[in-house]
Amino acid sequence: MVPRGHDLDTLPAVMDLEQLERNAVGYFLRAGNPANGLIADSSREGAPCSIAATGLGLSAFIVGVERGYLTRREAAERTLAALRFFRDSPQGEEPDATGYRGFYYHFLDLATGRRIWDCELSMIDTAILIAGILSGGCYFSAPDDDEREIREISKFLYERIDWAWAARDLAVVSMGWKPKAGFISYSWEGYSEALLLYLLGLGSPTHPLPAESYRAWTTTYQWENLYDIELLFAGPLFIHQLSHLWIDFRGIQDELMRDMRSDYFENSRRATRVQQQYALRNPKGFKGYGENCWGVTAGPGPGFVSQREKGGIARQFYGYVARGVPFGPDDGTLAPWAVAASLPFAPEIVLPALQHFQDAYPQVVKDGLLTSFNPTFDTGETGPAGWLSPEHYGLDQGPVAIMFENHRSGLLWNLMRECPALVRGLARAGFRKGGGSSMR
Amino acid sequence: MNPTLLPGDAHDADLLAHVRPPDWVNPVPARCYNLVVLGGGTAGLVTAVGAAGLGAKVALVEKNLMGGDCLNFGCVPSKALLRSARFYADVAFSGKFTGGDPLPSEADFAAAMERMRRLRAQLARRDSAQRLRDLGVDVFLGTAAFVDPRHVEVAGAKLAFKKAVIATGSRAAQPAIEGIEEAGYLTNETVFNLTVRPRRLLVIGGGPLGSELAQAFCRLGSQVIIAHQTPYFLPDEERDAAEILAYSLRRDGIDVRLNTEVKSVVRQDGEKRARLVNYDQDETIAVDEILVGVGRAPNVEGLNLEAAGVEYDLKHGVRVNDFLQTTRPGIYAAGDVALAQKYTHMADATARLVIQNALFLGRKRLSSLVVPWCTYTDPEIAHVGIYVDEARERGFRMKTFTVPMSESDRAVLDGDEEGFVKIHVREGTDTILGATIVARHAGEMINEISLAMVAGIGLKTVSQVIHSYPTQAEAIRKAGDAYIRTRLTPFLASLSRRWLAWSRG
């Protein structure tokens with residue numbers, strides 16, 4: 001069985017895991033615009049709002065309240081500001097609207113909440129946002145006016161989303177839409193974080209995704225045996241985490257998981273082990289990789305440059321790309337936050353890895369877990385950590401806060417177990433209580 | 001000189017002497033042929049030579065060049081060029097092999113092209129009109145057209161037949177891009193005539209041809225932009241494979257533009273300006289040449305197929321059933337003109353099938369063929385059999401045994417650790433349903449899987465076959481080993497432990 005219920009302070013270690021959780025929640029307090037509730041994508045000066053970071057923030061506030069990092073009243077105020085903003089901001093085909101058909105643009109101006117950078121109307125980022133909104137709707141259950149309004153608006157915003165439109169006639173959900181160009185041609189193929197999107201879309205009482213859309217998507221799944229570990233494959237680690245922030249998949253199975261006698265939680269546990277196995281093998285000889293030094297996922301890197309090491313090896317580095325194992329791209333960039341967000345799945349390998357980061361690369365845990373670092377990249381400075389991400393991202397800090405808490409108390413999992421949208425979505429996707437995994 | 005070859009080039013003159021002899025005189029037609037073959041490409045050649053070898057009286061008609069697309073404008077010249085390009089890439093990345101500083105790697109483009117033309121002419125002997133005549137085939141050079149369901153006319157001669165095979169192949173599809181005809185562009189039929197490296201090259205289409213030649217030209221020193229209309233290269237391939245390819249092309253220095261449509265082209269100030277649109281991004285780029293690889297069109301025009309009662313359409317070609325019979329009994333089709341899978345080895349395989357079905361009352365089915373294919377980029381991408389989504393649609397539960405090439409000692413030693421072997425088996429069995437291999441020599445490696453599938457050999461047996469060490473194909477055996485380990489259930493493992501404990505005494 002998976003070891004569970006570890007409390008962070010039971011680890012005999014010098015590193016302060018409680019502080020990491022506090023720092024992760026703190027990101028959203030620092031990066032939020034109190035006027036409209038929007039949360040900045042990153043800690044970079046002038047960073048825009050990311051709707052995904054905003055959704056993660058809404059759930060992180062709940063963690064913060066339960067851990068005493070902020071008051072329930074403050075969390076409710078911040079949540080209500082965001083919900084009112086999304087309710088009242090323009091939805092339409094104009095290029096600077098906030099959203100369209102209940103979906104929202106990926107990035108918004110932090111002050112005005114209008115679309116920036118010609119970015120796309122993002123289905124997955126809207127799903128992350130709405131998951132955060134729904135978590136607020138579930139958590140703020142008091143009879144006072146603010147909390148009642150949170151519940152009402154969260155229901156309204158969820159029911160306004162036209163998921164059926166996003167599936168077009170193809171039963172396959174597009175990844176995005178743009179005002180002039182229409183739907184972008186990428187659609188979801190293979191197991192991914194879109195699991196959350198499909199479940200929320202299927203659960204809608206107003207504009208649901210067609211039931212066959214889930215089956216159409218899951219036909220593209222690939223069940224693989226890699227390093228003697230059997231799993232539903234996806235390269236980047238975050239894919240195996242994102243849907244799990246809000247859904248406890250332990251012991252529930254859809255058709256594919258029934259066929260394969262596993263579940264999505266167990267799958268993420270295996271995916272975490274694949275990451276460790278890859279780092280142990282370290283096929284490209286990157287510095288640092290090993291039993292307790294792993295974690296390859298999408299995120300920023302040193303940039304699109306090449307360097308030549310002693311011995312003639314030319315290394316190509318990347319900026320923001322969807323890194324993954326074992327097929328890459330991999331340029332030696334590791335994401336400590338992604339290791340931390342796997343805590344509920346595999347604490348027995350995650351905790352030693354976090355300890356290793358603390359011991360070998362103290363900079364990456366100093367002010368909260370760093371987004372990424374690359375020991376292989378030569379910055380010209382001494383020190384083993386190499387390149388360090390200059391910013392923290394909401395997309396990283398949210399999973400750390402939520403998954404640490406899920407591991408400790410199951411907070412978001414328990415909360416969302418009562419969320420009607422997810423209950424309906426899981427049922428329509430064919431999830432039922434299962435017999436558990438045969439291979440734990 | 002044929003307009004698709006290089007005027008004044010000695011190698012191309014040599015090629016022409018084989019595949020379109022200037023002094024060729026068509027033979028006097030026989031009273032009636034067992035088989036008339038329309039088209040002298042791979043499908044036509046294999047059909048004609050095979051049938052003649054079995055004693056049939058055979059006529060073959062070729063409109064243009066014997067050897068068809070494969071020899072003249074396809075596999076042969078492109079692979080010659082790819083080899084030169086790979087050499088220069090190895091030199092450019094020589095630090096990986098020498099441990100030292102990279103060596104100077106400026107490519108000699110003209111020499112690489114000349115090498116290609118020399119090797120093409122050398123290989124042309126096998127497909128030459130003279131060789132066919134020596135093997136007993138009546139070779140007619142000229143344009144063939146059906147007169148009726150029993151006769152074909154060529155260069156004034158009327159050929160009577162009992163059976164006929166349409167094997168006229170395919171050609172590069174015309175791009176529907178505003179202004180491109182006026183501005184001019186290259187296809188696989190003209191690109192091999194270049195003697196001067198285009199400094200800037202736009203490749204339209206990220207299919208096999210576009211991907212291969214984009215990489216080759218980049219490695220030979222051109223600045224290459226590749227524009228592909230959909231989100232992934234090689235849309236039929238597994239996403240992991242297509243993504244590895246996209247990264248490989250980018251690493252080589254190619255400017256990869258996915259989801260990008262070329263809206264228009266104009267020639268201006270001695271260069272070609274192409275308007276590229278990616279959703280709401282609209283950009284005009286300037287290049288020296290444009291290479292188009294946007295698919296293939298079947299060669300069905302001018303054959304007067306209506307007179308023979310053979311149904312066809314301009315997109316899918318000649319309509320055939322599973323036995324490769326056209327809608328007119330006695331007339332068959334093979335190769336690109338009738339198949340969705342337009343590969344030389346499919347032309348070859350369907351030709352063999354047609355010989356049996358047309359001449360020996362055979363009932364061989366197209367659907368029974370196990371068909372591998374390969375895109376010869378670096379790394380190569382090869383596939384055989386079923387894909388994952390197909391399996392689930394057909395109700396199969398499938399499991400994939402994946403071995404990264406970095407698990408192969410030889411691949412690591414060769415510096416070829418990029419890629420993977422993925423072998424799909426039916427869940428609960430070792431029956432191989434298909435495989436995808438991404439590796440430097442994936443095209444060679446896939447043949448082992450094809451053999452296993454045709455012979456009904458399971459993954460368990462593959463594991464028992466001794467593979468030479470160290471070879472890259474050992475990655476296939478490792479997939480078999482992984483399968484074997486899944487059979488070691490906890491019960492069997494426990495039995496084994498108890499037995500060994502008892503054995504120790």
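Residues numbered from 1 in each chain as written. Chains lettered and ligands numbered in written order. Predicted model: local features only at pLDDT ≥ 70, side-chain atom pairs only at ≥ 80, totals over all residues.

## Points about the overall build of chain B
If you tally the helices and strands in chain B, you get 18 helices and 23 strands. Its C-alpha atoms give chain B a radius of gyration of 25 Å, near enough to 23 Å, the size a compact globule of 505 residues would have. Projected onto the principal axes, the alpha-carbon positions of chain B cover approximately 90 × 60 × 45 Å. Split into buried and exposed, the 505 residues of chain B put 50% on the buried side. (Helix = DSSP H or I, 4+ residues; strand = E, 2+ residues; numbered from the N terminus. Rg over C-alpha atoms; globule rule 2.2 N^0.38 Å. Buried ≥ 20, exposed ≤ 12 C-beta atoms within 10 Å, placed from the backbone.)

## Notes on the packing of helix H3 (residues 72–88) of chain A against helix H5 (residues 145–160) of chain A
Residues and elements named next belong to chain A. The N-to-C vectors of H3 and H5 enclose an angle of 35°; their axes lie 10 Å apart at closest approach. As H3 packs across H5, the resulting crossing turns out to be left-handed. When H3 is examined against H5, the residues Ala76, Thr79, Leu80, Leu83, Arg84, Phe86 and Arg87 are found in contact with a partner set consisting of Asp146, Glu147, Glu149, Ile150, Ile153, Ser154, Phe156 and Leu157. Along the lines of polarity and charge, the residues of the contact of H3 with H5 split into eight nonpolar, two polar and five charged. (Axes fitted to C-alpha atoms, helices over the stretch in contact; angles between N-to-C directions. Left-handed = near helix turned anticlockwise from the far one by under 90°. Contact = placed C-beta atoms within 7 Å. Nonpolar A, V, L, I, M, F, W, Y, C, P; charged D, E, K, R; others polar.)

## With respect to the interface of chain B and chain A
Contacts between the two partners involve 34 residues from chain B and, on the opposite side, 30 residues from chain A. In the sheet, strand S8 (residues 223–226) of chain A pairs with strand S21 (residues 398–404) of chain B via three bridges, with the strands oriented parallel. Pairing of A:Asn225 across the sheet is with B:Phe401, part of S21(B). (Pairing = 2+ DSSP bridges.)

## What to know about the pairing of strand S20 (residues 380–385) of chain B
Residues and elements named next belong to chain B. Judged by how many residues are buried, S20 sits mostly within the fold: six of six residues are covered. Strand direction decides the pairing type here: strand S19 (residues 372–375) and S20, joined by four bridges, are antiparallel. Following the sheet pairing, threonine 375 is matched in S20 by isoleucine 381. The hairpin formed by S19 and S20 contains four residues between the paired strands. Where S20 meets strand S23 (residues 432–439), six bridges bridge the pair, whose relative direction is antiparallel. In the strand pairing of S23, valine 384 is matched with alanine 435.

## Describing helix H10 (residues 264–281) of chain A
Residues and elements named next belong to chain A. With 18 residues, H10 should cover 26 Å at 1.5 Å per step; its first-to-last C-alpha distance of 25 Å lies within 8% of that length. Among the 18 residues that make up H10, 14 are buried, leaving the element largely enclosed by the rest of the structure. Asparagine 282 lies just past H10 and shows a positive phi near 45°. (Expected span 1.5 Å × (residues − 1).)

## What to know about the confidence of the model for chain B
Of all residues in chain B, 99% attain a pLDDT of 70 or more, and the chain-wide mean is 94. The ipTM for the predicted assembly is 0.90, set against a pTM of 0.92. (pLDDT = per-residue confidence, 0-100.)

## Focus: the sheet that holds strand S22 (residues 420–426) of chain B
Ordered in space as S9(A)-S8(A)-S21(B)-S22(B)-S23(B)-S20(B)-S19(B), the seven strands form an open sheet in which the pairing is mixed. The open sheet has two edge strands, strand S9 (229–232) of chain A together with S19 of chain B, and neither has a second partner. Adjacent strand axes in the sheet meet at a mean angle of 20° when their direction is disregarded. Inspection of the sheet shows S8(A) paired to S9(A) by four bridges, in the antiparallel sense. Bridge pairing links A:Leu226 to A:Ile229 in S9(A).

## Some thoughts on the environment of A:Leu226
Of note, A:Leu226 is situated in strand S8. With residues up to four places along the chain from it excluded, the contact list for A:Leu226 reads A:Phe233, A:Val274, A:Pro326 and B:Thr402.

## Focus: the pairing of strand S2 (residues 58–62) of chain B
All names here are of chain B. Extensive coverage of S2 is indicated by the burial of five of its five residues. Neither face of S2 is left uncovered, since the one carrying Val58, Leu60 and Glu62 and the one carrying Ala59 and Val61 both have all their residues buried. In this structure, strand S1 (residues 33–38) lies alongside S2, joined through four bridges in parallel fashion. When the bridges of S2 are listed, valine 37 appears paired with leucine 60. In terms of handedness, the path from S1 via helix H2 (residues 42–53) over to S2 forms a crossover that is right-handed. (Right-handed = clockwise from strand over helix to strand, strands pointing away.)

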